[in-house]
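Listed below are the residues making up each chain.
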Amino acid sequence: MTLSNKTALSFLASAFVVAALGGVFSHYLLMYVFDREATEQLKAQQAKILREIDKIEDSEQKWFALADSISIENTNFLVKESLSDTLLPNPLETGEMLDYRILIFGVKTHTGFVKVTISKALYETEDLVGVILLIFGVVLLGLIIGLLIINYIISNRLWRPFYQALQQLQSFKIQEQKPLSFMATTTKEFGVLQQNINHLTHRIWHDYNSLKQFTENASHEFQTPLAVIQSNLEQLIQSDNLHEKQLTKISELIESVRHLSKLNQTLLLLVKIENQQFTEMVALNLGDFFRQKLQFWEVWITHKALEISILVDKEILLNINPYLAEVLLNNLLGNAIKHNIPRGIITIKLTDNSLIISNTGNEPLQDTEKLWQRFQKGNHSSDSHGLGMALIQQICEFYGFEAQYQYSALLHTVKIAWK
Amino acid sequence: MRILIIEDEPELAKSIADYLLGENYLCEFAASFEEAFEKVTTYEYNCILLDLMLPGGDGMKILEELKKQNKQDGVIIISAKNALDDKIKGLHLGADDYLAKPFHLSELAARIYSVIRRRQFANANIIQQNELKIDLLAKTLLIHNTPVLLTKKEFDLLLFFMGNRNRVISKNALAEHLSGDLADMLDNHDFVYAHIKNLKKKLTEAGCDNYLKTVYGTGYKWENE
């Protein structure tokens, strides 16, 4: 819900509450006023009758009786005064009953006791209340509509710098380090907001750059001592006076240094992918790319006497960074070859929206869910650094691909789906 | 052969020089940008090993200067930054090769050997050692003047040994040479062994002396007295 909708809605809600309360209150107030008014009118008539009744001649009593609202009866005693509401038939419309207020009182005249009844229809009051409430409602409605329109116009104009800043934030990319441009504003809060966003983005860029710098420097700082160790070890095995046992130990050290270095490089690669440092993208024809890269693996495939087949349903173009595509493919194929059995099979299937690589192999030693975690090894071969599957997953996550692993019927299958 | 090692880590520079000593290479050192810049612009080298991150400046500038002066020195970049951008930029600026640290000394020696061979076009196409004759252009091997059919990988291995004569090469270095970046993914000792065995067999069958020796527990060595 947008900001202006939200304010309009809360505005409407409060207007309804006020209207409802006001309506009820004014209804009762009006009712009370009219009610009192009706009684007062009766009382006024009573006062008039009391004043005039003694002067009236007997023959003229009929005049009183003719009046619809006043009736006079002779009684033997003084009637006690009473005020009551009652329903009487409507003289204009048969069958309909109307509210009447009736004042009954007794008078002692020179001829004796008289009971006077004055009645007054209340329907006029109710109609009046209805009309007044209607006017009240219409005015209120007009006011609400007017305010809503004004609110809409004002918020559109007033909040424009805010929405523009939002838009700028939405299009913000950490890799593209071009400063955000905001529209000029005289509103103090928006000025502060823009200033803070500017400050924040510069801060983010600065941190991002220094992190990038750090990753690269860390690589440099690690690799140089490793290079020194390795070259010295290799220099050492050139000596003529070493025993076989010593040579074996040194070889093991060389292997470990290589392992460490590869580990460092792979972790760096993971960090670089996380930092989104591979933004360059090309539309890659996956089928061609696979056939081309398979040449590098040919010696390994023949070495293990594997049978490999590529099924391409359709030539597809995938937007991907070529280096990451290569890392992805090398890890997938590397796994398919490494965990294969001699004379095994590898099938690469490329469909419109997925890549499926399956290979024959022994049953996995551990829970297949854990395979995606870092430093999880499917088997305990010393060459493996346990980051291959993590790399595959990292790249898939980066591009929003879905990676799945499955083992069934002696077949390991990795499926990568895009779109 | 004059080689300039531009490297700020003295230990590394020294072990590179020690390794190359046997192959009648004359190594010189430069440990800073200024020193390297001066040497490069003043003298000629058959091969320059260039570290990119130097105290005092960026190694790329040296490469640019070489290109500007139209110098013919061979250049191999040895960098700890295994960054793709640097590699592309370096090769674009005229470097012959790019080797990420840490590298195997045997790999470096083989690359230097190859760069120098490529730069000296005269008499560089044929490598001869006793009964062995390798034609680099035609990529053929003659033993006692009879052609021996080698696979691409076997020929590659042979050249690697040529660039590292009389030195022990670790199995790991061979594996990485044979399969590059892919080496760490696979069980490579078995793979190296299979290729060496095939190469050895072909050489012996063609009547070649046994130059290729196994160094137990370590690797292999091509002996050439």
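Scroll up a little and you will see the structure.
Source: prediction; values computed, not measured. (Residues numbered from 1 in each chain as written. Chains lettered and ligands numbered in written order. Predicted model: local features only at pLDDT ≥ 70, side-chain atom pairs only at ≥ 80, totals over all residues.)

Undergrad: What should I look at first to understand the overall build of chain A in this one?
TA: Within chain A one finds nine helices and 11 strands. Burial analysis of chain A (419 residues in total) assigns 18% to the buried set. Residue pairs at least 24 apart in sequence account for 65% of intrachain contacts in chain A once pairs closer than 6 positions are excluded. (Helix = DSSP H or I, 4+ residues; strand = E, 2+ residues; numbered from the N terminus. Buried ≥ 20, exposed ≤ 12 C-beta atoms within 10 Å, placed from the backbone. Contact = placed C-beta atoms within 7 Å.)

Undergrad: What should I look at first to understand the pairing of strand S8 (residues 126-129) of chain B in this one?
TA: Both faces of the sheet carry side chains from a regular strand, because those side chains alternate between them. Residues and elements named next belong to chain B. Examined bridge by bridge, S8 and strand S9 (residues 132-135) share four bridges and lie antiparallel to one another. Each bridged residue has a counterpart across the sheet, and for Ile126 the counterpart in S9 is Asp135. Count of turn residues in the S8/S9 antiparallel hairpin: two residues, of which Asn130 carries a positive phi of about 50 degrees. (Pairing = 2+ DSSP bridges.)

Undergrad: Looking at this structure, I do not really get the sheet that holds strand S10 (residues 402-408) of chain A. What am I missing?
TA: Hydrogen bonding along the main chain pairs the strands of a sheet, whether they run parallel or antiparallel. Residue and element names in this part refer to chain A. Strand order in this open sheet of five strands is S6-S8-S9-S11-S10, and the pairing throughout is mixed. Each having just a single partner strand, strand S6 (307-312) and S10 make up the two edges of the open sheet. Averaged over all pairs of adjacent strands, the angle between strand axes in this sheet comes to 10 degrees, irrespective of strand direction. Bridge analysis of S10 against strand S11 (residues 411-417) gives seven bridges, and the strand direction is antiparallel. What sits directly across from Tyr405, in S11, is Val414. (Axes fitted to C-alpha atoms, helices over the stretch in contact; angles between N-to-C directions.)

Undergrad: I keep staring at the nonpolar core and nothing clicks. Help me out?
TA: Across soluble globular proteins, nonpolar side chains show a tendency to be buried alongside one another. If you look at the biggest cluster of nonpolar residues, it comprises 101 residues, and the most contacted ones within it are Ile3, Ile6, Ile16, Ile48, Leu49, Leu50 and Ile76 of chain B. In terms of residue count, the dominant contributor to this core is helix H8 (residues 322-338) of chain A (nine residues). Ignoring anything within four residues of it in the chain, the contact list for Leu50 of chain B reads Ile6, Gly59, Ile62, Leu63, Val75, Ile76, Ile77 and Ile78 of chain B. Formed by six residues, the second largest nonpolar core is a distinct cluster that contains Leu103, Phe105, Val114 and Val116 of chain A. (Core = buried A, V, L, I, M, F, W, Y, C linked by C-beta atoms within 7 Å.)

Function-wise, these values are silent; they only describe arrangement.
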